[in-house]
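# Structural overview
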Amino acid sequence: MRTRAALAVEAGKPLVVTEVELEGPRAGEVLVEVKATGICHTDDFTLSGADPEGLFPAILGHEGAGIVVDVGPGVTSVKKGDHVIPLYTPECRACPSCLSRKTNLCTAIRATQGQGLMPDGTSRFSIGKDKIHHYMGCSTFANFTVLPEIAVAKVNPDAPFDKICYIGCGVTTGIGAVINTARVEIGSTAIVFGLGGIGLNVIQGLRLAGADMIIGVDLNNDKKEWGERFGMTHFVNPKEVGDDIVPYLVNLTKRGADQIGGADYTFDCTGNTKVMRQALEASHRGWGKSVVIGVAGAGQEIATRPFQLVTGRSWMGTAFGGARGRTDVPRIVDWYMEGKIEIDPMITHTMPLDDINRGFELMHSGESIRSVVLY
Ligand SMILES: NC(=O)C1=CN([C@@H]2O[C@H](COP(=O)(O)OP(=O)(O)OC[C@H]3O[C@@H](n4cnc5c(N)ncnc54)[C@H](O)[C@@H]3O)[C@@H](O)[C@H]2O)C=CC1
Ligand SMILES: N[C@@H](CCC(=O)N[C@@H](CSC=O)C(=O)NCC(=O)O)C(=O)O
Ligand SMILES: [Zn+2]
Ligand SMILES: [Zn+2]
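Residues numbered from 1 in each chain as written. Chains lettered and ligands numbered in written order. Predicted model: local features only at pLDDT ≥ 70, side-chain atom pairs only at ≥ 80, totals over all residues. Heavy atoms only, no water.

As annotated in an unreviewed UniProt entry, the protein carries the name S-(hydroxymethyl)glutathione dehydrogenase and comes from Sinorhizobium numidicum. Note on the protein: under the UniProt heading Sequence similarities (unreviewed entry), the record states "Belongs to the zinc-containing alcohol dehydrogenase family. Class-III subfamily." Here is the UniProt Cofactor (unreviewed entry) comment for the protein, exactly as written: "Zn(2+)". (UniProt positions renumbered as here; feature names shortened; annotations may be inferred.)

Here we come to the overall build of the protein. Broken down by element type, the protein carries 12 helices and 17 strands. Relative to its length of 375 residues, the protein is compact, with a C-alpha radius of gyration of 20 Å against a globular reference of 21 Å. For the protein, the spread of C-alpha atoms along the three principal axes comes to 65 × 40 × 40 Å. Looking at the protein as a whole, 57% of its 375 residues qualify as buried. Across the protein, every contact between residues at least 6 apart in sequence was considered, and the portion connecting residues at least 24 apart equals 71%. Total accessible area computed for the protein in this model is approximately 15300 Å², and 51% of it derives from carbon and sulfur atoms. Side chains of the protein carry 36 positive and 42 negative charges; the gap between the two charge centres is 5 Å. (Helix = DSSP H or I, 4+ residues; strand = E, 2+ residues; numbered from the N terminus. Rg over C-alpha atoms; globule rule 2.2 N^0.38 Å. Buried < 20%, exposed > 50% of the residue type's maximum accessible area, 1.4 Å probe, protein only. Contact = heavy atoms within 4.5 Å. Areas by Shrake-Rupley, 256 points an atom, 1.4 Å probe, with all protein chains shown as cover. Lys, Arg positive; Asp, Glu negative; His and termini not counted. Charge placed at Lys NZ, Arg CZ, Asp CG, Glu CD.)

Take the coordination of the zinc ion (ligand 4) next. Coordination of the zinc ion (ligand 4) by the protein comes from Cys-92 (SG), Cys-95 (SG), Cys-98 (SG) and Cys-106 (SG), over a distance range of 2.3 Å. Around the zinc ion (ligand 4) sit four donor atoms, and with donor-metal-donor angles ranging over 105 to 116° the site reads as tetrahedral. Donor residues for the zinc ion (ligand 4), ordered by position in the chain, follow C-x2-C-x2-C-x7-C. Cys-95 shares its class with Cys-92; the two are buried. (Donors = N, O, S within 2.8 Å, 3.2 Å for Na, K, Ca; no water. Tetrahedral: all angles 85-135°; square planar, octahedral: opposite > 155°, others 65-115°.)

Moving on, we get to the site of ligand 2. Taken together, Cys-40, Thr-42, Asp-51, Pro-52, Glu-53, His-62, Tyr-88, Arg-110, Met-136, Cys-169, Val-295 and Ala-319 are the residues near ligand 2. At 2.8 Å from a nitrogen atom of ligand 2 is found a side-chain nitrogen or oxygen belonging to Glu-53. A distance of 2.7 Å is found between an oxygen atom of ligand 2 and a side-chain nitrogen or oxygen belonging to Arg-110. Coverage of ligand 2 by the protein amounts to 70% of the 530 Å² it exposes when considered alone. (Near = heavy atom within 4 Å. Polar contact = N/O pair within 3.5 Å; in protein donor to acceptor, adjacent residues only side chain to side chain.)

The final tally for this structure, using the stated rule, is 22 salt bridges. Arg-93 serves as the salt-bridge partner of Glu-91, at 3.2 Å between the closest nitrogen and oxygen. According to the relative accessible area criterion, Arg-93 is partly exposed, its value standing at 45%. A salt bridge links Arg-331 to Asp-328; its shortest N-O distance comes to 3.3 Å. Within this pair, Arg-331 and its partner Asp-328 are both found in helix H11 (residues 325–337), separated by three residues, close to a single helical turn. The class of Arg-331 is partly exposed, set by a relative accessible area of 46%. A network of salt bridges, in which partner residues are shared, links Glu-23, Arg-26, Glu-29, Asp-120 and Arg-124. (Salt bridge = Lys/Arg side-chain N within 4 Å of Asp/Glu carboxyl O.)

To continue, consider the side chain of Ser-97. For Ser-97, the location among the structural elements is in helix H2 (residues 96–100). Its relative accessible area of 15% is what places Ser-97 among the buried residues. Once you skip the residues sitting within four places of it in the chain, Ser-97 turns out to touch Thr-103, Leu-105, Cys-106 and Thr-107.

What the rule picks out here adds up to three aromatic pairs. Arranged with centres 6.2 Å apart and planes meeting at 85°, the rings of Phe-141 and Phe-360 form a pair that is edge-to-face. Of the two residues, Phe-141 sits in the loop between strand E7 (130–132) and strand E8 (144–148) while Phe-360 sits in helix H12 (residues 356–365), which places them 219 residues apart along the sequence. Each member of the pair, Phe-141 as well as Phe-360, is classed as buried. Seen in terms of ring centroids, Trp-226 and Phe-230 are 6.4 Å apart; in terms of plane orientation they differ by 10°. Their pairing is stacked. Over the ring of Phe-230 we find Arg-229, and its NZ or CZ is 5.2 Å from the ring centre. (Phe/Tyr/Trp six-rings, centres within 6.5 Å; stacked < 30°, edge-to-face > 60°. Lys NZ or Arg CZ within 6 Å of the ring centre and 35° of its normal.)

So, on to the coordination of the zinc ion (ligand 3). Protein-derived coordination of the zinc ion (ligand 3) comes from Cys-40 (SG), His-62 (NE2) and Cys-169 (SG), at a distance range of 2.0 to 2.3 Å. Geometry at the zinc ion (ligand 3) is tetrahedral, judged from its four donor atoms and the angles of 95 to 125° they form at the metal. As a motif over one chain, the donors of the zinc ion (ligand 3) read C-x21-H-x106-C. Residue His-62 is located in the loop between helix H1 (41–48) and strand E4 (63–71), and its partner Cys-169 is located in the loop between helix H4 (161–164) and helix H5 (170–182); the two are separated by 107 residues in the primary sequence. When sorted by exposure, His-62 lands in the same class as Cys-169, which is buried.

Following this line, the structure appears as structure tokens:
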């Protein structure tokens, strides 16, 4: 069949909307009609050329929702007509990682996924004789896409595609980082660096978890109102604080008899390695946990004095908020349907596929929280 798609032709260039050929699902695969897809900063990161795994030409996009329209031989867990969210972190429930119960990082198909291929080592997308790479196993910037069965979560069919697509990455990553990775307790203090599509979901996760003090840090003052909308209690713009934001934040988090300061939990949602260091060092001596969510470009490294770790701070990271996709994503969709979490206000812009590059421009200018492409 043929499908419309936004093609990443080469690094640093706008996407090109065109028709591509799409082969049907093989054994263990499903064909999905994508109804909506969010544009995440990670799509921009890969398009920029900063991703060591970036491949071109490729069909990017990993934050979608749609309907199963065909299944290949042997598929048992979903059928035609099911509403699904593609999973860039699949859940096979059989690999050593899934069976360990210690991680959500299923390893069943990670190698081929990183090469832009389906698990059998081939691509379903092409233009003429030229192969097009898949992306993060999802390629939701195509109206139709093929995914492994283990990489789709079946969700409530009443849930609106244009909102729940965001659960395919941003919502789950932010809330999951708080609940699954940091395991924040009621009454905690927390600092969130970067109040974009991920950081605001960390903030709503902290509100759900019952954190007392939720400090948001962003260079853009417009984000103050956004943070407050989802539970932030204090806002700090580093440009207004002076040379070093760490002592400022440590001082801000001094409470009662505890005059050491530092937050119980900190989260980097910027992808900036200097900010990652600030986040670690602004966490509490003895027990502070600092979670790296942001993705940094090829060649970048984090640094701190080992003494920061010797004195009890932990540096940790999270992919997809530690969520096991097929198990946890349907539950998060239900939380949305039950009004337990908010999504609608964060989707600030929608557009047809033809205007997808505008979604990237809105991200660059800081005007959008999330742009969603509607097919
Ligand atoms: N680990 C994971 O599973 C995931 C990681 N990510 C990554 O998370 C990061 C955030 O993604 P989005 O929220 O979609 O991006 P975004 O572009 O919507 O938001 C980034 C925010 O950080 C702020 N910011 C930038 N530099 C800053 C600095 N030095 N100090 C304070 N604030 C600063 C910006 O003003 C903006 O508000 C990206 O690096 C993205 O690739 C995204 C999804 C999943
Ligand atoms: N491919 C990159 C890094 C990209 C990355 O870290 N991706 C995150 C998800 S970001 C979503 O918006 C992730 O889940 N990583 C785990 C994985 O197995 O890919 C690189 O090579 O640095
Ligand atoms: Zn993402
Ligand atoms: Zn697995």
